[in-house]
Amino acid sequence: MPELAFSRRAALRGLGAAGLLTALTGCGVPAAYVPEARRQGQDLSDRDQSVAFSNWPLYIDTDDEDEESRPTLDAFTEKTGIEVRYTEEINDNDEFFGKVSPALMNHQSTGHDLVVVSDWMAARFVHLGWAQRMDRPAQANVSRYLDPQLRSPAFDEGRLHTVPWQSGITGIAYNRKALGREIKSVRDLWQPDLAGKVTLFSGLDESFALLMQGEGVDVTRWTESEFHRMCDRVESMVKKKHIRRFTGNDYTSDLSKGDVLACQAYSGDVIQLQADNPDIRFVVPEEGAELWAESLLVPNLARHKANAEALVDYYYDPAVAAQLAASVNYVCPVPAAREVLAASPDKETAELAENPLIFPDDEMRKRLVVARDISSAERASFAKRWNAIVGL
C-alpha cells in the first residue's frame, strides 16, 4: 500500500509550474503550444523492444518478498517481450513539469515514453499540446473497460490523450467515536464542536472542488464568483481559528493521533487508516465529492509510443487491473476488475470487491463528479487568493 507520509495529490506548491512557463516564454523561448501534427517523432518500438515508464513512488504492485520486483510489469515483459525501464521519479507535479518543460517547449524529446501525473497537471500538458494522441483502436481494453465516469473530462474530451492510471475520491474523514456524531455534509465541518479540530488540504487543486460543493456549486462548470465565495467561507473560518491547519498528506497523522476529528481526505488513505482504527470513517458528502484521477500520457517525441500504448492497454485488462487495485487500494478505473477480485479464493482479496472506496456503488456514484480544471488564465489570481488564506 502507498506510504501515508507521502502524497501524490497534496504536494505543497505555489505558482511553480505556471511561473516557470511565464518566465520561459518571457525570455524569447518559442511559443509553447505544439500542434498535433508536430508531436510524434520517429517511433523505434518495432526494433527496440523497450519502454521508459515514470511513475510516483509506491504506486504499483510489489512482491511481498522482494520490494524491487513488480509482478505486473514482469508479466507484461514475459507476455510481450517489451522491457520496461520503470522509474519512481515523479515526486511532485510542478517539480516534474519544471524538469521536462524546457525540452517540450523546444520540441525536444524528454526521454520519457509514458508518465503518470495528476489530472490537473495532465490538463496543462493537453492544453499546451505536449501529450500525444493515443492510438485508441490499438487499445481494445481501454476502449471496452474504462470507467464511464472517467471517459471524457473537460480537459481531454473523449480521453484522446490521457488514460487514468488510478482514481480516487476527495471527501471527508472523521473519527466517529471521538466526535460522537456522524458527518454527512461539508457544512458539518463548520459546526462549533469541531472548532480547532478540522484540517483542510493546502493545495488549491486538491481542496477547491469539495469546498465549493459544500457551497452548493456545480463544480463541473463553476465560476470565478463561486470560487471567491468559497474562499470567503474558508477565510472566515481561519480568522475564527476553527481550522487547525492546512496540510499535505500529514493529515493522516493528525487524524490517527486524535489531534483532529475531521478533515479533507483521500479515499485510498482512509482504507489504510481503517485497518488500524475502525472508528475512522470516510464520507462522500450529501452535496457530492470530487472524483479525480492520475493519468498516463505519452509526451511529445516519445521514442517508443507504440510500446507505451501497449503497456497502457495491458493495465486495462481486468485481471491486471484487479492485481494493481488490490495492491494500491485506490478507486479502480476498470470496474470489471471487481468481478475478478470477488472470485479470489483469498478472503481478504475477495472482500476488496465490496469496498466502495475501490469500487464505488451506484448510490455513491450519483454524488461523484469530475470537476472542471482551473484554466491557465485563472490560475495566477486564484492561487494568489488561496495561498494568502493558507499561508503559503
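Below is a summary of the structure that appears in this document. Every value quoted in this text rests on a predicted model; they were computed, and no experiment measured them. (Residues numbered from 1 in each chain as written. Predicted model: local features only at pLDDT ≥ 70, side-chain atom pairs only at ≥ 80, totals over all residues. Heavy atoms only, no water.)

Quick look at the packing of aromatic side chains now. All told, the structure shown has 19 aromatic pairs when counted by the stated rule. Pairing Tyr59 with Tyr330 gives two aromatic rings, centres 5.7 Å apart and planes at 80°, and the pair type is edge-to-face. Here Tyr59, found in the loop between strand 1 (50-54) and helix 2 (71-80), pairs with Tyr330, found in the loop between helix 12 (318-328) and helix 13 (337-342); they are 271 residues apart in sequence, far enough to count as distant. Like Tyr59, the residue Tyr330 is buried in the burial classification. Put simply, the rings of Phe53, Phe76, Tyr86, Trp165, Tyr314 and Tyr315 touch in pairs and so form one group of aromatic residues. (Phe/Tyr/Trp six-rings, centres within 6.5 Å; stacked < 30°, edge-to-face > 60°. Helix = DSSP H or I, 4+ residues; strand = E, 2+ residues; numbered from the N terminus. Buried < 20%, exposed > 50% of the residue type's maximum accessible area, 1.4 Å probe, protein only.)

With respect to the secondary-structure elements, Trp222 resides in the loop between helix 7 (204-213) and helix 8 (224-239). As for Trp222 and Asp156, which are separated by 66 residues in sequence, their C-alpha atoms are 18 Å apart. In contact with Trp222, other than residues within four places in its own chain, are Phe208, Met212, Val217, Phe227, Arg372, Asp373, Ile374, Glu378 and Phe382. (Contact = heavy atoms within 4.5 Å.)

Spanning 16 residues, helix 8 covers 23 Å between terminal C-alpha atoms, matching the ideal 22 Å at 1.5 Å per step. Of all the residues in helix 8, the buried ones are Glu226, Phe227, Met230, Cys231, Val234 and Met237. Buried residues in helix 8, looked at end-on, bunch into an arc of 140°, giving them a common side. Looking at helix 8, the residues exposed on the side facing more than 90 degrees away from the buried face are Ser225 and Lys239. (Expected span 1.5 Å × (residues − 1). Arc of directions from axis to C-beta.)

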